[in-house]
Amino acid sequence: MMTTSKYVMAASIIATMTIMTPTSNAFAPRQCSSRVIQHVQSHNSLMQMNQVQKEIHATSSSSNESVSKDLGPQPVVVSKESEALSHSRTTMKLTPSFNLFQMLPDDEGGLVPPTIAGNELRDSDILKVGVPDTLWDMKLSDYEGLGGEKEIETLPDPFQMVKEELQPFSDSIQELVSTDQPILSMAAKHFFQKRHGKRFRPTIIQLMSKAVAACDPENMKASDRWQDSGASDVDVEGGVVTSTNHKGSDVWRKQAELGQIVEIIHSASLIHDDVLDEADTRRGGEAVHKLYSNKVAILAGDYLLARASVLLARLENKAVVQIMATSLESLVAGEIMQLKSSPEELLQMESYLRKSYYKTASLVCYACRSTALLGGHAYGSTVATACEEFGFHMGLAFQIQDDILDFTAAADILGKPALADMSLGLSTAPILYAAQEFPHLQPLVKRRFKKEGDKETALEALYSSKTAMDKAKRLGEFHAQRAVEALLRLPQSEARDALLRLTYVVITRKN
């Protein structure tokens, strides 16, 4: 529980700092004169403000609650009363992405959530009117490896496109997390020195920054709705970011820094997760807590979250800070779901996908939306909505493929122990589909494979199933295709097409 409390603390500090204080004044000294008078006035004002905030929260959350009820219980990190106290009329009332976009395929009972703030323009084609697009009807199933004959190599290579920009990534990120404490510094830099991982998130953000630069901002400044705010004031020639003035600009720099921040947050979560899960390896090497100790690992993770918080504030966009702080809260929610899900919830595909959203997809989709905001696009714009929807489905497709590989790839290829989730008592898509086919597995799933022979029985059923693994693959392909469809709402560009290819890579990879 120590780990989750750290995430809560980090998220609450960032969110409070952002909502209550402009970024530029966050660390300015406070005035101390006339304390008594100010205290009386502040007390009365605070009571009035709290009442107003409660009314605002009740109104803004009513539509969201109706969606949540359909999806079943959700982890509670902050009470509704506490959440209401931190809102004003201008702060963002963010909704989890699974309440904005479809989570399950139609043939599995999936529904498109109702239109609310955050997804109002999810079906808009305004950016494509009169703009030619050679991939307008792209289907992943038309490509080799997914049932078709087309070659994905005809699209730009996503890793080559950003290779030059990500080349100094490890060195610069090590500088960002340096500290005068040798042991802490070595532990914090561990993931950024020898084992680079997939660099999946920084690659996405770098490509997304280029893709949104090719999009003209929609005119939403006249509106007083919170969802029409959040766009950074861009200081570039012509006042609008374009593909020609993007690289090297202050906007480009901040978007690149967001990629570093996301990787720092992700690395902190891995360090903490490995302590909670008592994992021995990570990315083909020893976990940080095995190299040092649990205490050093926890402190290293905390330090990385602290550095990410400082760097996030320096992006000077309050909306982005609030969005990314919410991704920290989502990481906590995912851990709580993993630890506290009821036996019935352990059997539900919706619960599995919701947990996957909190633990994996939330960081990706919030970072994608934030990239659009830093590029001068409003939160509720067609561009920003498409970016978040892409990140939501891409993140889920990535996690589902990871869960499939847990049963099909050897540990030395994965860089982590095989069957790790089952060892923790968790059931992922392949096992859940097998349990639908073989009801005798359901009690095993509900008791988290605690009895001797449970794991062996589940594996035997999975490998003898004719449908479970295929259904899991189709679920991943469903989300990958939805990610493609979100991207296709953006104008065609090399970066957008590279992201399309990256989506294919995610669900066809072998490690």
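Here the structure is shown first, and the text comes after it.
Before going into details, it helps to say that this report is about the structure given with it. Bear in mind that the values here come from a model prediction, so they are computed numbers and not experimental data. (Residues numbered from 1 in each chain as written. Predicted model: local features only at pLDDT ≥ 70, side-chain atom pairs only at ≥ 80, totals over all residues. Heavy atoms only, no water.)

## Some points on the overall build of the protein chain
Next up, step 1: Across its full length, the protein chain holds 20 helices and 2 strands.
Next up, step 2: Per-residue burial for the protein chain yields a buried fraction of 54% across its 511 residues.
Next up, step 3: When contacts within the protein chain are restricted to residue pairs at least 6 apart in sequence, those whose partners lie at least 24 apart make up 77%.
Next up, step 4: In the form shown here, the protein chain has an accessible surface area of approximately 23,200 Å², with 52% of it arising from carbon and sulfur atoms. (Helix = DSSP H or I, 4+ residues; strand = E, 2+ residues; numbered from the N terminus. Buried < 20%, exposed > 50% of the residue type's maximum accessible area, 1.4 Å probe, protein only. Contact = heavy atoms within 4.5 Å. Areas by Shrake-Rupley, 256 points an atom, 1.4 Å probe, with all protein chains shown as cover.)

## Focus: the pattern of salt bridges
Next up, step 1: One pass over the full model with this rule turns up 16 salt bridges.
Next up, step 2: Linking Arg-225 and Glu-120 is a salt bridge whose minimum nitrogen-to-oxygen distance equals 3.1 Å. Of this pair, Arg-225 sits in the loop between helix H7 (200-213) and helix H8 (250-277) while Glu-120 sits in the loop between helix H3 (80-85) and helix H4 (158-166); the two residues are 105 residues apart in sequence, bridging distant segments of the chain.
Next up, step 3: Classification of Arg-225 by relative accessible area gives partly exposed; the value is 36%.
Next up, step 4: Accessibility expressed as a relative area gives 34% for Glu-120, which makes it partly exposed.
Next up, step 5: One salt bridge in this structure joins Asp-250 and Arg-253, with 2.5 Å as the shortest N-O distance. One end of the pair is Asp-250 and the other is Arg-253, both in helix H8 and 3 residues apart, which spans about a single turn.
Next up, step 6: Among the residues examined, Arg-253 registers a relative accessible area of 35% and is labelled partly exposed.
Next up, step 7: Put simply, Asp-250, Arg-253, Lys-254, Glu-257 and Glu-316 are held in one network by salt bridges that share partners. (Salt bridge = Lys/Arg side-chain N within 4 Å of Asp/Glu carboxyl O.)

## Description of unusual backbone geometry
Next up, step 1: Phi at Glu-316 is positive, roughly 60 degrees, even though this residue is not glycine.
Next up, step 2: Tracing the backbone through its elements, the reader meets Glu-316 in the loop between helix H10 (294-313) and helix H11 (318-340).
Next up, step 3: One non-glycine residue, Phe-449, adopts positive backbone phi at about 55 degrees.
Next up, step 4: Considering the arrangement of structural elements, one finds Phe-449 in the loop between helix H17 (442-446) and helix H18 (454-464).
Next up, step 5: Its relative accessible area of 6% is what places Phe-449 among the buried residues.

## Brief notes about the packing of helix H13 (residues 382-408) against helix H19 (residues 468-487)
Next up, step 1: Relative to each other, H13 and H19 sit at 160 degrees, their axes nearing to 8 Å. Judged by the inter-axis angle, H13 sits roughly antiparallel to H19. Taken as a pair, H13 and H19 cross one another with a handedness that is left-handed. Contacts from Ala-386, Glu-389, Phe-390, His-393, Met-394, Leu-396, Ala-397, Ile-400, Ile-404, Phe-407 and Thr-408 in H13 reach Met-469, Ala-472, Lys-473, Leu-475, Gly-476, His-479, Ala-480, Arg-482, Ala-483, Ala-486 and Leu-487 in H19.
Next up, step 2: Taken together, the residues of the contact of H13 with H19 break down into 15 nonpolar, 4 polar and 3 charged. (Axes fitted to C-alpha atoms, helices over the stretch in contact; angles between N-to-C directions. Parallel < 35°, antiparallel > 145°, perpendicular 65-115°, else oblique. Left-handed = near helix turned anticlockwise from the far one by under 90°. Nonpolar A, V, L, I, M, F, W, Y, C, P; charged D, E, K, R; others polar.)

## Things to note about empty space enclosed by the protein
Next up, step 1: Per the stated rule, a full pass over the model turns up 3 cavities of 30 Å³ or more.
Next up, step 2: In this structure, the largest cavity spans a volume of roughly 130 Å³.
Next up, step 3: Ser-341, Leu-346, Ser-351, Tyr-352 and Lys-355 are the residues nearest the centre of the largest cavity, which is lined by 13 residues in total.
Next up, step 4: Of all the secondary structure elements, the ones that give two or more residues to the lining of the largest cavity are H11 and helix H12 (349-374).
Next up, step 5: Here the element with the most residues in the lining of the largest cavity is H12; it accounts for 3 residues.
Next up, step 6: Classifying every residue of the lining of the largest cavity gives 5 nonpolar, 5 polar and 3 charged. (1 Å grid on protein atoms, 1.4 Å probe; cavity = no way out; pocket = protein on both sides within 12 Å on 5 of 7 lines; lining within 4 Å. Points joined across faces, edges and corners; volume = space filled by probe spheres on them.)

## Observations concerning the packing of aromatic side chains
Next up, step 1: With the rule as written, the count across this model stands at 8 aromatic pairs.
Next up, step 2: Between the aromatic rings of Phe-98 and Tyr-357, the centroid separation amounts to 5.2 Å while the plane-to-plane angle is 85 degrees, which identifies the pairing as edge-to-face. With Phe-98 in the loop between H3 and H4 and Tyr-357 in helix H12, this residue pair connects regions lying 259 residues apart in the sequence.
Next up, step 3: Residue Phe-98 is classed as buried on the basis of its relative accessible area of 2%.
Next up, step 4: Residue class for Tyr-357 comes out buried when judged on its relative accessible area of 1%.
Next up, step 5: Each member of the aromatic cluster is reached from another via a ring pair, and the members are Phe-98, Phe-101, Tyr-357, Tyr-358 and Phe-392.
Next up, step 6: Residue placement shows Arg-354 over the ring face of Phe-98; its charged tip is 5.9 Å from the ring centre.
Next up, step 7: In this structure, Arg-369 packs its charged tip against the face of Tyr-379, placed 3.9 Å from the ring centre. (Phe/Tyr/Trp six-rings, centres within 6.5 Å; stacked < 30°, edge-to-face > 60°. Lys NZ or Arg CZ within 6 Å of the ring centre and 35° of its normal.)

## Brief notes about the environment of Val-241
Next up, step 1: With respect to the secondary-structure elements, Val-241 resides in the loop between H7 and H8.
Next up, step 2: By relative accessible area, Val-241 is classed as buried at 5%.
Next up, step 3: Discounting residues that sit within four places of it in the chain, Val-241 has contacts with Ala-213, Val-234, Val-236, His-246, Val-251 and Gly-375.

## Here we look at the state of the cysteines
Next up, step 1: Taken as a whole, this structure holds 0 disulfides when the rule is applied.
Next up, step 2: Free cysteine: Cys-368, not disulfide-bonded; nearest cysteine sulfur from Cys-387 at 6.3 Å.
Next up, step 3: Among the residues examined, Cys-368 registers a relative accessible area of 0% and is labelled buried. (Disulfide = S-S within 2.5 Å.)

## Thoughts on the environment of Lys-139
Next up, step 1: Position of Lys-139 among the secondary structure elements: in the loop between H3 and H4.
Next up, step 2: For Lys-139, a relative accessible area of 38% puts it in the partly exposed group.

## Structural notes on H7
Next up, step 1: An ideal rise of 1.5 Å per residue puts 20 Å on 14 residues; H7 measures up with 20 Å between its terminal C-alpha atoms.
Next up, step 2: Counting buried positions along H7 gives 14 out of 14 residues, so the element sits mostly inside the fold. (Expected span 1.5 Å × (residues − 1).)

## Concerning the side chain of Asp-403
Next up, step 1: With respect to the helices, strands and loops of the structure, Asp-403 is situated in helix H13.
Next up, step 2: No salt bridge is formed by the buried Asp-403; its nearest oppositely charged neighbour, Lys-355, is found at 6.4 Å.
Next up, step 3: With residues near it in sequence (within four places) discarded, Asp-403 still touches Tyr-352, Asp-421, Thr-428 and Pro-430. (Lys, Arg positive; Asp, Glu negative; His and termini not counted.)

## Some thoughts on the nonpolar core
Next up, step 1: Core analysis: the largest hydrophobic core is formed by 121 residues, its most contacted members being Met-138, Met-324, Tyr-357 and Phe-390.
Next up, step 2: A per-element tally of this core places H12 first, with 15 residues.
Next up, step 3: Sequence-distant contacts of Met-138, that is, excluding residues within four places in its chain, are made with Tyr-143, Ile-152, Leu-155, Gln-481, Val-484, Leu-488 and Leu-500. (Core = buried A, V, L, I, M, F, W, Y, C linked by side-chain atoms within 4.5 Å.)

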